[in-house]
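Chain residues, written in single-letter form:
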Amino acid sequence: MAHHRTSARRFGGRSTVLAHGALALALSAVLLPAAHAQAAVGAERPGLGHPRRPLDAALTRFAKESGVLLSFTPDTTEGLRSPGLQGRHTVPEGLAALVAGTGLQVVQQASGSYLVVKKPASNAPAPAAPVVAAAALAPERSLAEIRVTARRSANGTTEGTGSYTNQVTSIASKTDQSFREIPQSVSVVTRQLMDDKRVVDVEQALTLTPGVIVADNSGRYFSRGFQITSMQIDGGAPMALGAYTYQPQQDMGSYDRVEVMRGASGLLGGVGDPGAIINLVRKKPLAQRQVEVSQSLGSWGNQRTEIDATGPLTQDGRIRGRTVLSYQKGYSYFDYISQEKPSLYGVLEADLTADTLLTVGRSYGKVRQKGDYAGLPRFADGRSLGLPRSTAFSNPWAYFHYENDEMFAQLKHRFDNHWKLKLNATHARTEQQRRWSTLSGAVDPQNLAGPVWRGRVLDSSNTQDMVDLNLSGPFSLLGRSHELFIGADWQRVRSRWQNMSYTDSGTVGGIVFDIQPWNPAFDQFNLNLSERYGPWGQEQLGAYGVVRLHPSNKLHVIAGARMALYEFTQTMSDIIDTAGNTAPGPPNRSRKAPSSRPMAV
């Protein structure tokens, strides 16, 4: 597949590049108590090896490994190289050694962070200058304004990192954590990996995820022997997958990454099987203006165009926006199959205050597929028919239409005591119409008889509403710092599914080596093989809590609990005429779970 990408970026205003390690740790530096931050300044770091390299790269690595907040402007370090660093040093000693002989010095700020500045003019050469406090500099001077135009730190964003991995994830606790803090197996498909592999939908992304099996194109995924029945978006309340006619068809052009945690996830995911949980993380607006246009061409006439535009919408940058538009169409190596997929995504971010962020957005996508496929028959003795891989026992009149519409809103607030409040709400609606046909049945090796044509008309809809509210932050106990995370979520699923079988379905034979199109009576149905499920869905309300205790530097304890009210409803009806009118089915075909079933995890 040939791929061409063009990128145009414009940057406005004065900007400063913060050390990458500082950006990744800025949030944690803000959350640490002041006393702890001051104590860490003089702590001796373990032995670190820093060879000679460009100064900005050396400072970035040291800040990341030491866990300190370090800032400098690009022109300060441009063209300079660090002499390197070996052995064990305190943070001030290490920083001083890295800038030795460069004409720079490191100044410790009152907040405990560090700033790289040029030394005052002097005629006498001097050895490596120690790190000094800002108050000790003479004469006093005011630094120029530093305007940060990068993404918020430590939020797990993979866009622009060029990496196939990530530093933090929120799938296990809805708060950003490093992977080593999660006692379960987690995989992340980053933006860079999706770009390099040309991943354009959820199924392709999950195919790249270890331990996940994509069964077919109907939204069925498995892990550890169980079907995956829960999917989060931006870490919110889980969406129900699988049995509720919801098929993930999101276009990956609108997403930053896909996270998968294998194993039980009932603590934060509620009702579901213990195979795994999926978290899709949407792209968010950037602080700088950026426009990317990509065009790809592939086999069987496949082509895709994607436009991604983002940037500030106001002069002060407090309101930012992003729009992603994609259009994809093409044929398949299967006979009769072609597909068209337009998609649109828009999101706005607004800094209501310095500590409050509001995000709202919407996405809309369609799938228009001609033809259908459902596997191939075999000889009665189990042997393969040896048919070409392009073989699909479909018909020109078969189709699959799918429509997905999502609206979402998020509110984040950071309190002065380092606690955080998050609200996440999503409304998702899907509609599906499908007319399919297939040739099924074992083939007699002698006369090649056996397979018969089958065909049905499917019509379904699914509406899901999810709300999640949580509060997290540190607290002190017995002289140690710990974390507490509490929250509540609500999920409501309402579905409808109708299946009507053609009258002559299963009565018309076909020869697999001489396929002739089958045209059933499209307005006549076998009502004995037709049925409707609806209303069909579930509703659950849950409260959860997680505490992370740190009795010592080597001992960490994680405890959590969940209480939930759960209701499941399923009604099956018989279709009594071709107009789709129904009659209640037998009593044993309708089920309703108790309206208040408490569960503790």
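Here the structure is a predicted model, which means the values were calculated and not measured.

Visitor: Just to check I follow, could you spell out the sheet that holds strand β14 (residues 230–233) for this structure?
Guide: Paired through their backbone hydrogen bonds, the strands of a sheet run either parallel or antiparallel. Reading across the sheet, the 5 strands line up as β10-β16-β17-β14-β15 and stay open at both edges, with mixed pairing between neighbours. The sheet terminates laterally at β10 (185–189) and β15 (239–240), the two strands that pair on one side only. The sheet contact formed by β14 and strand β17 (residues 276–282) spans 3 bridges and is parallel. Note that in β17 the partner of M231 across the bridge is I278.

Visitor: Help me out: how do you make sense of a nonpolar patch on the surface in this one?
Guide: Taken together, the side chains of L352, L411, F415, L421, L423, V467 and L469 define a hydrophobic patch exposed on the protein surface, amounting to about 500 Å² of accessible area. Looking at the nonpolar patch, the elements that each hand over two or more residues are β24 (420–440) and β25 (452–477). For F415, the location among the structural elements is in the loop between β23 (399–414) and β24. Given a relative accessible area of 33%, F415 falls into the partly exposed group.

Visitor: When you look at the packing of aromatic side chains in this model, what are you seeing that I'm missing?
Guide: Two aromatic rings are characterised by how far apart their centres lie and by the angle between their planes. Per the stated rule, a full pass over the model turns up 14 aromatic pairs. Measuring from ring centre to ring centre gives 6.0 Å for W453 and W518, while their planes differ by 15 degrees; the resulting arrangement is stacked. With W453 in strand β25 and W518 in the loop between β26 (480–502) and β27 (525–549), this residue pair connects regions lying 65 residues apart in the sequence. You can call W453 buried: its relative accessible area is 2%. By the ring-pair criterion, three or more aromatic residues cluster together here, those being W397, W453, Y502, W518, F522 and F525.

Visitor: Can you walk me through the pairing of strand β22 (residues 356–370) in this structure?
Guide: Successive residues of a regular strand alternate their side chains across the two faces of the sheet. Sheet analysis places strand β21 (residues 338–353) next to β22, joined by 13 bridges and oriented antiparallel. When the sheet's bridge partners are listed, S338 is paired in β22 with K370. With antiparallel pairing between neighbouring strands as the criterion, β21 and β22 make up a hairpin whose turn holds 2 residues.

Visitor: Help me understand the pairing of β10 in this model?
Guide: Among the 5 residues of β10, 4 are classified as buried, and the element is accordingly described as predominantly covered. One ladder, built from 5 bridges, connects β10 with strand β16 (residues 255–262); its direction is antiparallel. Residue pairing across strands places V186 opposite M261, the latter belonging to β16.

Visitor: I would appreciate a short explanation of helix α5 (residues 91–98) in the present structure.
Guide: For an α-helix, 3.6 residues make a turn, and residues three or four places apart therefore share a direction. The buried fraction of α5 amounts to 6 of the 8 residues, a majority that puts the element mostly inside the structure. Those residues of α5 that sit buried are V91, P92, G94, L95, A96 and L98.

Visitor: Would you take a moment to explain the side chain of R562 for this structure?
Guide: With respect to the helices and strands, R562 occurs in strand β28 (residues 557–575). In this structure the side chain of R562 is engaged in a polar contact, spanning 3.3 Å, whose partner is the backbone oxygen of L267. Reaching out from R562, the side chain makes a polar contact with the side chain of D489 at a distance of 2.9 Å.

Visitor: Looking at this structure, how should I read unusual backbone geometry?
Guide: Most of the time, phi is negative for any residue but glycine, and the peptide bond is trans. Positioned with a positive phi, D234 is a non-glycine residue whose angle comes to about 55 degrees. For D234, the location among the structural elements is in the loop between β14 and β15. Although it is not a glycine, W300 sits at a positive phi angle of roughly 55 degrees. With respect to the secondary-structure elements, W300 resides in the loop between β18 (289–297) and β19 (303–312). Classification of W300 as partly exposed rests on a relative accessible area of 43%.

What counts and what doesn't
Residues numbered from 1 in each chain as written. Predicted model: local features only at pLDDT ≥ 70, side-chain atom pairs only at ≥ 80, totals over all residues. Heavy atoms only, no water. Pairing = 2+ DSSP bridges. Helix = DSSP H or I, 4+ residues; strand = E, 2+ residues; numbered from the N terminus. Patch = residues over 30% accessible without salt bridge, like charges linked within 9 Å, V, L, I, M, F, W, Y side chains within 5 Å. Areas by Shrake-Rupley, 256 points an atom, 1.4 Å probe, with all protein chains shown as cover. Salt bridge = Lys/Arg side-chain N within 4 Å of Asp/Glu carboxyl O. Buried < 20%, exposed > 50% of the residue type's maximum accessible area, 1.4 Å probe, protein only. Phe/Tyr/Trp six-rings, centres within 6.5 Å; stacked < 30°, edge-to-face > 60°. Polar contact = N/O pair within 3.5 Å; in protein donor to acceptor, adjacent residues only side chain to side chain.

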